[in-house]
Every structure is written in C-alpha cells, then in structure tokens.
Amino acid sequence: MAAGIREKQTVALKRMLNFNVPPVKNSTGEPVWKVLIYDRFGQDIISPLLSVKELRDMGITLHLLLHSDRDAIPDVPAVYFVMPTEENIDRMCQDLRNQLYESYYLNFISAISRSKLEDIANAAIGANAVTQVAKVFDQYLNFITLEDDMFVLCNQNKELVSYRAINRPDITDTEMETIMDTIVDSLFCFFVTLGAIPIIRCSRGTAAEMVAVDFHLNRVNLEESAVTESSPAGARPKKKNKKSYDLTASDKFWQKHKGSPFPEVAESVQQELESYRAQEDEVKRLKSIMGIEGEDEGAISMLSDNTAKLTSAVSSLPELLEKKRLIDLHTNVATAVLEHIKSRKLDVYFEYEEKIMSKSTLDKSLLDMISDPDAGTPEDKMRLFLIYYISSAQAPSEIDLEQYKKALMDAGCNLAPLSYIKQWKAFTKMASAPTSYGNTTPKPLGLFSRVMNTGSQFVMEGVKNLVLKQQNLPVTRILDNLMEMKSNPETDDYRYFDPKMLRGSDSSVPRNKNPFQEAIVFVVGGGNYIEYQNLVDYIKGKQGKHVLYGCSELFNATQFIKQLSQLGQK
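Throughout what follows, the structure given in this document is the object of discussion. (Residues numbered from 1 in each chain as written. Predicted model: local features only at pLDDT ≥ 70, side-chain atom pairs only at ≥ 80, totals over all residues. Heavy atoms only, no water.)

Regarding empty space enclosed by the protein
Size it by volume and the largest cavity reaches roughly 60 Å³. Lining the largest cavity are F41, D44, I45, N142, F143, I144, L153, C154, N155 and Q156. Ranked by the residues each element gives to the lining of the largest cavity, the list is headed by helix α2 (residues 40–46), at three residues. Here the residues of the lining of the largest cavity sort into six nonpolar, three polar and one charged. (1 Å grid on protein atoms, 1.4 Å probe; cavity = no way out; pocket = protein on both sides within 12 Å on 5 of 7 lines; lining within 4 Å. Points joined across faces, edges and corners; volume = space filled by probe spheres on them. Helix = DSSP H or I, 4+ residues; strand = E, 2+ residues; numbered from the N terminus. Nonpolar A, V, L, I, M, F, W, Y, C, P; charged D, E, K, R; others polar.)

Rendered as structure tokens:
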C-alpha cells in the first residue's frame, strides 16, 4: 500500500484512456486523438484526478456525456467509461446503430452482467459493427478518490447508500440487501484497484457487519479480477455571483495547510503575504523592465517559455507572480471564512462544543446561548443542542427539555432532528462522553491575537482566541485499539474475517497477534473531514504506519442534520 489510492486510480484511468495499454513514459510522438464518452458516475470519478489539460495531453479532443446530443465523428475512436445500467447499455447500442465513431472501446465502471454484454453483442451484429467494437473491459473503478488517502463511494444517487437510507424505520430486507450490495461492489472495486486483500474487523450487529460478511463470503477472490485548464474535466458551470477557486495538488500552501486549524491558516497567509511584499518592489522593477502589465496567466506563461533566455534575476519572476496569485487566492478564501466565523460566532460555538464534550463548565448557560438572537443560525443552535443531548450521560428532564425545545422553536429551529436523536438514544447503549476526551493538556494556539498586527488582512477583533486540544475521536480510538492489538471493551467484541482462513474458521479469533502497519478505515453510513483529519493527525505520530479513510457518503453538518430531520419526520 506504499502508493496512495489517488495514484493507483489515476494510473488505471490513464491506462484506460490509452486503449487499456500502459502509456509510454517520455513519449515524444503525437497521441492518438480520440473522444471520451462518460456518464455522470464516470465524470465524478475522473474530475478529481485528471484536468482538461491532462486529458488533452492523452489525446482526448472531446469529453461528452453519454446522454447528451452528440454528432457523428466517423473517423475518430471513442472511449466509453460508464456504469453498466440498462439505460446506458441502450444508448451505447444506439450509438453502434448510428455509426457515430470509427471504433468503440467500452469500459465499464463496475462489472457488466453476461445478459447486458449479449445485448451489446446483438446490437453490434445488427449494426454490422462487430469489427468496430475494439475492446470491452470491466475497470473496477466504482469509487471516487478525493485525496491520496481518502475515497468515497459515490456522488450520484448517494442518497441510496446514505445514513438516512440505512436507518429508515420502514426499510425492507430487500432494500437493505440492495444497499449492502451497492456498498460491497464499490469496496470490491477499491480493493481491486489497490491490489490488496484485507483482514476485516467490524462491530457486531451493525450495517458494517452486514457489509463485512457480504464482502468476505462473496467477493474474496480479488486476485482473479481484471483490472478550463486547471478545472476538473467536465466541471459543471459555476454559479453566478460566486467566486470559485480550484485548490489543486500542485498548490503547496493548500497541501500544507488544508488540515490546519483556521487561526494557523490565517497566520500563514499573513506570513506569505509579508514575504511577498518584501520582494514586491523587485517584482515591479522587473515587470517594468520587461514591459509587462498585470498578472494574468498569459503573462506568466510567456515568461515561463522564455526563462532560459533571461538573466538569473528575471528567471524568478514567473515564480513570484504565481506565488502572488496563490496568496491572493488564499487571502480571499480565508477572508470569506473569517466573515462566516464572525457573523455566526462560530468561535463561540466551537468553544461551547468542546466544553460540552469534555464536561467543562460553560461561561453562560446553554439556554442563554440558544436564546441569543445574535449568536449563530437556527442550524448552529440545533447542532449545539444535539451535541449536548448526545454527550449527556443522563437525558435532561422533561421540564428542562420542554424549555430547550421552546427556545429552539423561538430561534426558528426545526425540531425533527431532535425527535430522531431521542429515538436513537433510547435504543442505543450510550456511554458517557469518552474519558479520554479533554484529558490531554490544552494547547493554546494564541494565533488570533498574533494575526491582528498592523496591516493584517484579517481583522480578528471580536473573535475568540480558540484553545485547540489534541484528542482522538471515536473512529481513531477504535483504529488504535485494532492496529495495536490492544484489549479494550470498545473493540474486544469486534468480528474478525481473514481471507486466508475462509473455511471452517472462527471469525472472532484473530490469527494475527502482531500490530498492523497498514489499515483502511471505512465508515458505513457516512463520514466527514473531521474524522479523516483526526486520523491523519494520529498517524503522523506513528512512524511506518499508513491509513486510508473511506466512507459510503461524505457530508458536512448541514447535510447530516438534514438527514436527521428527514428521519425525525417519520
């Protein structure tokens, strides 16, 4: 697992786009020009990994949606990358009958069934296009890679495998089996691409156990399986009145600080800005000498093309201009984030949430916080109360609960999420907040005060100086217990599935007693960036260990509360 999943999936995509032949490195010849036809699933898989420029470098002159209106290009081969659905198969058969392209390279995101393969064969025979169907491949790429060490199952139809879908009270056995099969299919694709066969650990009596059993019994033979310039390929039009930026792997500031607390980001942006200003006079002088105005990409590109012919002083100019562009980008983004923090008092909410979970004394009562008309949105207030309700060892009395509900309603909150959480807590063995939470020594960052110096882009007055603590979230604690083979009541009862002990073995007794060096954490029912970043921070202190994080769906607090609301309305 030395190579990240992003690299492995990117390599697989590039091989597919090269007619399923590995691309020749440092090839100086012209690529074979072709068109790429994908559905929404294929678009979502390719977009985070390959830019339009990279597609063009591989000979992709056009990339079009399968169900869009497409003109015939009879002298160009077409590479298809789609899910093997009935609707997609019908459209591909129609393309064969209409003789749209010179040849057809059919690549399916998940394995295609024999019956659907026969439908394509019959269409090819009927259209006299058998010789034009050059290759048919199952690519096993039915997952979306977002980071080197992070993936999610899908974006299209994600409600089919959502937390709400799994936890609906009226869900039938057939519907649950369909959800589990969908998750297992994507996980199977992930492990084929990764080239790994996992030992599976999971909690008992949960959806995770259903996925594990299905995966273990039915999909264990992995080794037999086949295998604008900077905007993502096929990116959708950006909404008007909103400034959008592409944060790419080549952006060093983004790569360094994407998981950092906001105060640290704000300070780093300020330091970058001051560093650039120290060189600004030199930049202006060089630009004046060369007769260049503005900082557009054309100017930067023109300079880059002529770097070899310029003096050593001038050769640094393209780098400085690119640095300034990135500083402006991150300054604008950080300023917008800061406005949200100020307008919603998110710093205060953050402090309260930390104190509630660590059982610390609150500066003012939770009821006062909810009732404060200037503090946060109705959703912020509901989220704060849900954290309090879940974290409490004892639920509040009916009298207190009615007071809270009245305050929440007066603040404009929808109480449906609370209705569901009450039911959930009643049927779940809820321990008190983890004893380890908050026991570590607070680590005051003091960063807000440090970025309030003269000339700062970030006016931090009125924003609380946050105290951030380092502690492991539940997923990280579970991972630590399992990787280090620790005995802990939280994980002692976890199931154990080893593909090398498939038949007649007790799935509860670990064969391997040594600590694991590599792990894939997969959350059934949805994950989030907070869990992911907590795992990233944890593994930084574990030399030689590697962790990948995946989830059936990735959502933020707003999306999760919406699902809780839908469940609470049942």
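With respect to the sheet that holds strand β6 (residues 144–147)
What the four strands build is an open sheet, ordered β6-β7-β13-β12; its pairing is mixed. With one partner strand each, in any of the chains shown, β6 and β12 (518–523) form the two edges of the open sheet. For this sheet, the mean inter-axis angle between neighbouring strands, taken without regard to orientation, is 25 degrees. Taken together, the six bridges between β12 and strand β13 (residues 546–551) define a ladder with parallel strand orientation. Looking across to β13, one finds that V523 is bridged to C551. Helix-sheet contacts for helix α1 (residues 5–17) involve β6, β7 (150–152) and β13, and the interaxial angle to β6 is about 135 degrees. Sitting on the sheet, helix α20 (residues 529–540) touches β6, β7, β12 and β13, and the angle it makes with β13 is about 175 degrees. (Pairing = 2+ DSSP bridges. Axes fitted to C-alpha atoms, helices over the stretch in contact; angles between N-to-C directions. Contact = heavy atoms within 4.5 Å.)

Considering the pattern of salt bridges
As enumerated under the stated definition, the model contains 25 salt bridges in all. In this structure, K364 engages D372 in a salt bridge whose closest nitrogen and oxygen atoms are separated by 3.5 Å. Note that D480 and K486 form a salt bridge whose closest N and O atoms lie 2.5 Å from each other. (Salt bridge = Lys/Arg side-chain N within 4 Å of Asp/Glu carboxyl O.)

Thoughts on the side chain of Q139
Position of Q139 among the secondary structure elements: in the loop between β5 (133–138) and β6. At a separation of 2.7 Å, a polar atom in the side chain of Q139 contacts the side chain of N20. (Polar contact = N/O pair within 3.5 Å; in protein donor to acceptor, adjacent residues only side chain to side chain.)

Digging into the sheet that holds strand β2 (residues 60–65)
If you walk across this open sheet you meet the five strands as β2-β1-β3-β4-β5, and the pairing is parallel. Bordering the open sheet on either side are β2 and β5, each of which pairs with just one other strand. Going from strand to strand, the sheet's axes swing by 15 degrees on average, the running direction of each strand aside. Of the pairings in the sheet, the one linking strand β1 (residues 34–38) to β2 comprises five bridges and is parallel in character. From the neighbouring strand, Y38 faces β2, where its bridge partner is L65. Across the face of the sheet, α1 comes into contact with β1, β2, β3 (78–82) and β4 (104–108) while running at roughly 140 degrees to β3.

Description of the nonpolar core
If you look at the biggest cluster of nonpolar residues, it comprises 39 residues, and the most contacted ones within it are L13, L17, L36, F81, L479, V521 and Y549. Sort the elements by how many residues they give to this core and α20 lands first, with five residues. Residues V184, F190, V192 and L548 belong to the second largest nonpolar core, which totals 30 residues. (Core = buried A, V, L, I, M, F, W, Y, C linked by side-chain atoms within 4.5 Å. Buried < 20%, exposed > 50% of the residue type's maximum accessible area, 1.4 Å probe, protein only.)

Read these as geometric descriptors, not functional statements.
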